[in-house]
Amino acid sequence: MNALYAEMLVQVEREIQLLDFPAKPANLYDPVRYIMSLGGKRVRPILTLLGCELYGTPYKNAINQAMAVELFHNFTLMHDDVMDSAATRRNVATVHKKWSSSIALLSGDGMMVLAYQKLFLAPENKVKMLGAVFSKTAIEVCEGQQLDMDYAEQNILELDKYLEMIRLKTAVLLTGSLQIGAIMAGVKQTETEALKDFAESVGLAFQLKDDCLDAFGSETFGKSIGGDIKEGKRTWLTLKCFELASESVRKELTALYQNPDLAFRVDAVKSLYVDLGIEKLAEQEVAVYSQRALDALDSIEGNPAAKETLSWLVNQLVGRTN
């Protein structure tokens with residue numbers, strides 16, 4: 001593991017352990033403690049720390065803002081799991097399964113408020129910029145989630161619309177995480193646009209890799225394999241399959257998404273993916289976006305150690321198997 005990333009990961013985990021939530025009402029705060037304890041790569045808060053370090057300011061200056069980002073990210077996961085009717089996350093029960101959907105929704109709302117409280121633990125001259133970036137990021141994530149649900153009802157969707165949806169749902173939070181760290185380093189909001197191409201390209205590569213892992217990963221991925229197919233989501237893999245398939249295969253694929261036998265649906269859809277070489281095409285697309293991210297990073301002037309860590313992180317995210 002990259003040394004700076006490892007150091008930041010330890011710091012983030014320590015700060016999560018130190019988060020002090022009220023004891024009561026337990027059904028509001030216990031789910032928050034639960035989802036925050038499930039671990040993970042903590043990519044988004046570490047990006048906030050790296051955004052600060054990149055511009056020459058010690059990353060610990062942005063630790064509260066990193067916690068805000070992680071609280072917000074887990075809030076979205078908690079609500080997404082309700083909307084997706086997901087039973088597990090990281091191989092354990094989701095909040096709405098362990099408690100209830102109503103509790104998950106309210107606890108998620110609370111996490112959003114807690115995130116703003118952490119975000120604004122900053123010098124007064126930075127609060128307005130932080131609020132603007134965070135709010136813009138948050139509403140765009142909501143837009144992406146809504147588009148995701150809308151598109152699930154459509155059999156065929158243009159790939160460019162799908163890419164815009166995942167840019168909003170996934171990539172903008174990576175962008176916002178970096179920008180928030182840069183603001184804590186004293187960089188003006190307008191100057192943080194230099195990070196946008198990098199972060200959005202990373203986000204697109206990350207989500208396309210996620211699509212691949214959902215269909216072709218292993219159970220160690222932390223979610224059931226074929227979850228997107230079971231939920232009827234039209235991922236990049238599905239849309240590319242529609243694009244390349246013959247009319248008869250398109251009809252077959254459409255029919256499969258109506259099949260109530262979910263295990264059969266997953267196996268049959270994956271078989272069509274294999275026949276058309278969809279996994280290889282998706283991996284090629286991941287490589288294109290990851291290279292675009294690295295090229296954008298090369299153009300950014302900043303702390304060499306932070307840049308090296310960001311480059312390492314790109315390779316970790318797109319080369320992962322879980």
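Rules and cut-offs
Residues numbered from 1 in each chain as written. Predicted model: local features only at pLDDT ≥ 70, side-chain atom pairs only at ≥ 80, totals over all residues. Heavy atoms only, no water. Helix = DSSP H or I, 4+ residues; strand = E, 2+ residues; numbered from the N terminus. Rg over C-alpha atoms; globule rule 2.2 N^0.38 Å. Buried < 20%, exposed > 50% of the residue type's maximum accessible area, 1.4 Å probe, protein only. Contact = heavy atoms within 4.5 Å. Areas by Shrake-Rupley, 256 points an atom, 1.4 Å probe, with all protein chains shown as cover. Lys, Arg positive; Asp, Glu negative; His and termini not counted. Charge placed at Lys NZ, Arg CZ, Asp CG, Glu CD. Expected span 1.5 Å × (residues − 1). Phe/Tyr/Trp six-rings, centres within 6.5 Å; stacked < 30°, edge-to-face > 60°. 1 Å grid on protein atoms, 1.4 Å probe; cavity = no way out; pocket = protein on both sides within 12 Å on 5 of 7 lines; lining within 4 Å. Points joined across faces, edges and corners; volume = space filled by probe spheres on them. Nonpolar A, V, L, I, M, F, W, Y, C, P; charged D, E, K, R; others polar. Polar contact = N/O pair within 3.5 Å; in protein donor to acceptor, adjacent residues only side chain to side chain. Axes fitted to C-alpha atoms, helices over the stretch in contact; angles between N-to-C directions. Parallel < 35°, antiparallel > 145°, perpendicular 65-115°, else oblique. Left-handed = near helix turned anticlockwise from the far one by under 90°.

Colleague: Got a sec to walk through the overall build of the protein chain? Specific residues and values, please.
Modeller: Counting its secondary structure elements, the protein chain contains 15 helices and 2 strands. For 322 residues, the compact-globule estimate of 2.2 N^0.38 gives 20 Å, and the C-alpha radius of gyration of the protein chain, at 20 Å, lies within 12% of that figure. The buried share among the 322 residues of the protein chain stands at 54%. Put simply, of all contacts in the protein chain between residues at least 6 apart along the chain, 75% involve residues at least 24 apart. As displayed, the protein chain has an accessible area near 14200 Å², and 52% of this comes from carbon and sulfur atoms. Positive and negative charge centroids in the protein chain, built from 34 and 43 side chains respectively, lie 3 Å apart.

Colleague: Let's hear about helix 6 (residues 101-119): which residues, and what values?
Modeller: The end-to-end C-alpha separation of helix 6 is 27 Å, in line with the 27 Å expected for 19 residues at 1.5 Å each. Taken as a whole, helix 6 has its buried residues at Ile103, Ala104, Ser107, Gly108, Met111, Met112, Leu114, Ala115 and Leu119. In this structure, the buried side of helix 6 is in contact with helix 2 (26-36), helix 4 (63-84), helix 5 (95-98), helix 7 (124-151) and helix 8 (159-184).

Colleague: I'd like to hear about the packing of aromatic side chains, residue by residue, with values.
Modeller: For any pair of aromatic rings, geometry is given as the distance between the ring centres together with the angle between the planes. Within the structure shown, the criterion is met by 7 aromatic pairs. Between Tyr5 and Trp312 the ring centres are 5.0 Å apart and the planes differ by 55 degrees, which places this aromatic pair in the tilted class. Of the two residues, Tyr5 is situated in helix 1 (residues 3-18) and Trp312 in helix 15 (residues 304-319); the sequence distance between them amounts to 307 residues. On the accessibility criterion, Tyr5 (4% relative accessible area) is buried. With 4.9 Å between their ring centres and 75 degrees between their planes, Tyr116 and Phe134 make a pair best called edge-to-face. Taken together, the residues span a long stretch of sequence, with Tyr116 in helix 6 and Phe134 in helix 7 at a distance of 18 residues. You can call Tyr116 partly exposed: its relative accessible area is 22%. Among the aromatic side chains, those forming a connected cluster through ring pairs are Phe72, Phe75, Tyr116, Phe120 and Phe134.

Colleague: Run through empty space enclosed by the protein, naming residues and quoting values.
Modeller: Enumeration over the complete set of coordinates arrives at 2 cavities of 30 Å³ or more. Its boundaries defined by the atoms lining it, the largest cavity holds a volume of some 50 Å³. Lining the largest cavity we find Leu47, Leu174, Phe198, Ala199, Val202, Leu310, Leu313, Val314 and Leu317. Put simply, the parts of the chain that give the lining of the largest cavity at least two residues each are helix 9 (196-216) and helix 15. Broken down by element, the residue count for the lining of the largest cavity peaks at 4 residues, all from helix 15. A breakdown of the residues in the lining of the largest cavity according to their chemical character gives 9 nonpolar, no polar and no charged. Estimates place the volume of the second largest cavity at around 40 Å³. If you trace the second largest cavity, you find it lined by Ile35, Leu38, Met78, Asp81, Arg89, Ala93, Thr94 and Val95. Each residue belonging to the lining of the second largest cavity can be placed in one class, and the counts come to 5 nonpolar, 1 polar and 2 charged.

Colleague: Requested: an account of the side chain of Ser107, with residues and values cited.
Modeller: Relative to the elements of secondary structure, Ser107 occurs in helix 6. Since its relative accessible area comes to 0%, Ser107 is described here as buried. For Ser107, the side chain forms a polar contact with the main-chain oxygen of Leu28, separated by 2.8 Å. Here Ser107 is in contact with Asn27, Leu28, Pro31, Val32 and Met78, once residues within four sequence places are set aside.

Colleague: So what's going on with the layout of surface pockets? Which residues, and what values?
Modeller: Its boundaries defined by the atoms lining it, the second largest pocket holds a volume of some 220 Å³. As for the second largest pocket, its lining consists of 15 residues, and the residues nearest its centre are Lys136, Glu140, Thr175, Gln179 and Glu193. Those elements that place two or more of their residues in the lining of the second largest pocket are helix 7, helix 8 and helix 9. When grouped by side-chain class, the residues that make up the lining of the second largest pocket number 2 nonpolar, 7 polar and 6 charged.

Colleague: Any chance you could break down the packing of helix 4 against helix 7 for me, citing the residues and the numbers?
Modeller: In contact at an axis separation of 12 Å, helix 4 and helix 7 are set at 15 degrees when each is read in the N-to-C sense. As judged from the angle between their axes, helix 4 and helix 7 are roughly parallel. The hand of the helix 4/helix 7 crossing is right-handed. Mapping the contact onto sequence places Gln65, Ala68, Phe72, Thr76, Asp80 and Met83 in helix 4 and Leu130, Phe134, Ala138, Val141, Gln145 and Met149 in helix 7. Classifying every residue of the contact of helix 4 with helix 7 by side-chain character gives 8 nonpolar, 3 polar and 1 charged.

Colleague: Give me the lowdown on the environment of Glu15, citing residues and values where you can.
Modeller: Relative to the helices and strands, Glu15 is located in helix 1. Residue Glu15 is classed as buried on the basis of its relative accessible area, which comes to 18%. When the C-alpha atoms of Glu15 and Tyr55 are compared, they prove to be 22 Å apart, with 40 residues separating the residues in sequence. Leaving out residues up to four positions away in the same chain, Glu15 has contacts with Ile63 and Met67.

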